[in-house]
Amino acid sequence: MPVEQLSNSQAILSSLSYPGWNEVKTAGFYPDAGQLRPLGDGLGLGESKDFFPSLSSNELAILQEFGCRALTIKVFQRGNRYINVQAFSFTRTAGANAGYDLMRKGSTTVMKRGDGSSEDADSISFWQDHYLFVISATSEDDDESKEVITKFADSLVKNIGEHAAPPTVLSYLPVIDRVKGSEKIVMGPLSASRYFSAPNLGTLSLDRARACAVADYQVFEPSRERMKLLFVDYGNPEVASRIYSKYTSTIEELQGQRETGSFLDDKINLYGSARQVFRLNKTYLLCQLRGSKLVLITGARKSKSPVYLASQIMDR
């Protein structure tokens, strides 16, 4: 329930304080149909629209797809300077990891916090267990504000205590030639469309997947290519086979010309494996079935490039 998760988030944030910085407001919200709705004052949480975070309807819908159930914010003030602490609560740790990739600010990690973090001069973002935190200041190049932000982040890490490992699906993504930091968790059609560009993604029934992830690759052999890879684990070979057949049929009928060659096998064999490559305008799309898993690779200019990239995926 959002009320329970807001209560937990509020308890985690309750210990935050710093000399000279006054708490202005604590407010609680929950995402609903692409909108943030304030929770009533039953928990002492404010409803003022002045404290609505600036999130787009698309971001809110994706956060809800990730299993975000509640958002608590706490605002501190000193003079004309403000520090905003946002705590997102998720139903699963994988959702917190996915939410971090979507919402994080900054890119330079000075010190790892929680289960994954990033920061810049005026903010720190990190996820830990079922939570995502985004802590930011309104003033730029302010050493004192950054010190307070750092203290808050360290305090939250201790308050949560529990940790979570990165989602297992990330371990399937090939490491060689992967663009650092490009790997992201996908948990439905909205996040898939945001991170991965391919026709007819709705046919993949990603809401039925057990786990899903994307990553970018900059390869140099056999050709210099920039490609994107989508890895989907349905947890059931029959489901994966049906979706593979439906997707490849749809692409062949509506979108592309199927490539042929000795390096391709478009028939599903006894091991539940098959692959097809389609030419879409000036690039190629690979779709590969691997038992209960599906692989899509886009962006290649040479038909063999996605085949070689897919061959780097290790079965586990």
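1. Quick notes on the overall build of the protein
And then number 1: Helix and strand content of the protein: seven helices and 14 strands.
And then number 2: Put simply, the protein has 316 residues, and 53% of those count as buried.
And then number 3: In the protein, the proportion of contacts linking residues at least 24 apart, taken out of those at least 6 apart, comes to 61%.
And then number 4: If you sum the accessible surface of the protein, you get close to 14,900 Å²; carbon and sulfur atoms cover 46% of it.

2. A few points about helix α6 (residues 237-254)
Residue pairs three or four apart in sequence face the same way in an α-helix, which turns once every 3.6 residues.
And then number 1: Spanning 18 residues, α6 covers 26 Å between terminal C-alpha atoms, matching the ideal 26 Å at 1.5 Å per step.
And then number 2: What α6 keeps buried is the set Val239, Ala240, Ile243, Tyr244, Tyr247, Thr248, Thr250 and Ile251. The buried residues of α6 all sit within an arc of 160° when viewed along its axis, so they share a single face. The exposed residues of α6 that point more than 90 degrees off its buried face are Glu238, Lys246 and Glu253.
And then number 3: Those residues of α6 that are buried lie in contact with β12 (273-280), β13 (283-290) and β14 (293-300).
And then number 4: At the N-terminal end of α6, a side-chain oxygen is found 2.9 Å from the backbone nitrogen of Glu238, two or three residues along, and the residue is Asn236.

3. A look at the packing of aromatic side chains
And then number 1: For the structure on display, the rule yields four aromatic pairs.
And then number 2: For the pair Phe76 and Phe152, a centre-to-centre distance of 4.8 Å together with 40° between the ring planes defines the contact as tilted. Here Phe76 is found in strand β3 (residues 68-78), whereas its partner Phe152 is found in helix α4 (residues 143-160), with 76 residues between them in sequence. Side by side, Phe76 and Phe152 carry an identical accessibility label, which is buried.
And then number 3: Between Tyr131 and Phe133 the ring centres are 6.1 Å apart and the planes differ by 25°, which places this aromatic pair in the stacked class.
And then number 4: Within the aromatic cluster, the residues linked to one another by ring pairs are Phe126, Tyr131 and Phe133.
And then number 5: Here the basic side chain of Lys184 rests over the ring of Tyr195, its NZ or CZ set 5.5 Å away from the ring centre.

4. Topic: the pattern of salt bridges
And then number 1: On inspection of all chains with the given rule, the structure shows twelve salt bridges.
And then number 2: Across the salt bridge formed by Arg210 and Asp233, the nearest N and O atoms sit 2.9 Å from each other. Here Asp233 lies in strand β10 (residues 225-233) and Arg210 lies in the loop between α5 (189-195) and β9 (211-219), a separation of 23 residues in the sequence.
And then number 3: Judged by its relative accessible area of 53%, Arg210 is exposed.
And then number 4: Two residues, Lys228 and Asp216, come together in a salt bridge whose shortest N-O distance is 2.6 Å. Remark: Asp216 occurs in strand β9 and Lys228 occurs in strand β10; sequence separation between them is twelve residues.

5. Observations regarding the sheet that holds strand β6 (residues 123-128)
The strands making up a sheet associate through backbone hydrogen bonding, with each pair oriented either parallel or antiparallel.
And then number 1: The sheet built from seven strands is open, its strands ordered β2-β1-β3-β4-β7-β6-β5 with antiparallel pairing. This sheet does not close on itself; its edge strands, each paired only once, are β2 (35-38) and β5 (116-120). The sheet shows a mean angle of 20° between the axes of neighbouring strands, direction not considered.
And then number 2: Two elements, β5 and β6, share five bridges in a ladder whose sense is antiparallel. Counted as the bridge partner of Ser118 is Ser125 from β6.
And then number 3: Its contacts with the sheet place helix α2 (residues 57-65) against β1 (22-32), β2, β3 and β4 (81-90), and it is angled at close to 75° to β1.

6. Some points on α4
And then number 1: The terminal C-alpha atoms of α4, which comprises 18 residues, lie 26 Å apart, in line with the 26 Å expected from a rise of 1.5 Å per residue.
And then number 2: All of the buried residues along α4 are Ser145, Lys146, Val148, Ile149, Phe152, Ala153, Leu156, Val157 and Ile160.
And then number 3: Of the residues flanking the end of α4, it is Gly161, one or two places downstream, whose phi is positive at about 80°.

7. As for the nonpolar core
And then number 1: In terms of nonpolar packing, the biggest core is built from 73 residues, with Phe88, Leu204, Leu229, Leu230, Tyr234, Leu294 and Leu296 touching the most fellow members.
And then number 2: If you look at the next biggest cluster of nonpolar residues, it comprises 21 residues, including Ile83, Val85, Tyr131 and Ile160.

8. Focus on the side chain of Lys293
And then number 1: Position of Lys293 relative to the elements: it lies in strand β14.
And then number 2: Buried charge without a salt bridge: Lys293, with Asp233 as the nearest opposite-charge side chain at an N-O distance of 4.3 Å.
And then number 3: A distance of 3.5 Å separates a polar atom in the side chain of Lys293 from a polar atom in the side chain of Ser292.
And then number 4: Once residues within four sequence positions are removed from consideration, Lys293 is found in contact with Tyr172, Phe231, Val232, Asp233, Ala240 and Gln288.

Rules used in this analysis
Residues numbered from 1 in each chain as written. Predicted model: local features only at pLDDT ≥ 70, side-chain atom pairs only at ≥ 80, totals over all residues. Heavy atoms only, no water. Helix = DSSP H or I, 4+ residues; strand = E, 2+ residues; numbered from the N terminus. Buried < 20%, exposed > 50% of the residue type's maximum accessible area, 1.4 Å probe, protein only. Contact = heavy atoms within 4.5 Å. Areas by Shrake-Rupley, 256 points an atom, 1.4 Å probe, with all protein chains shown as cover. Expected span 1.5 Å × (residues − 1). Arc of directions from axis to C-beta. Polar contact = N/O pair within 3.5 Å; in protein donor to acceptor, adjacent residues only side chain to side chain. Phe/Tyr/Trp six-rings, centres within 6.5 Å; stacked < 30°, edge-to-face > 60°. Lys NZ or Arg CZ within 6 Å of the ring centre and 35° of its normal. Salt bridge = Lys/Arg side-chain N within 4 Å of Asp/Glu carboxyl O. Pairing = 2+ DSSP bridges. Axes fitted to C-alpha atoms, helices over the stretch in contact; angles between N-to-C directions. Core = buried A, V, L, I, M, F, W, Y, C linked by side-chain atoms within 4.5 Å. Lys, Arg positive; Asp, Glu negative; His and termini not counted.

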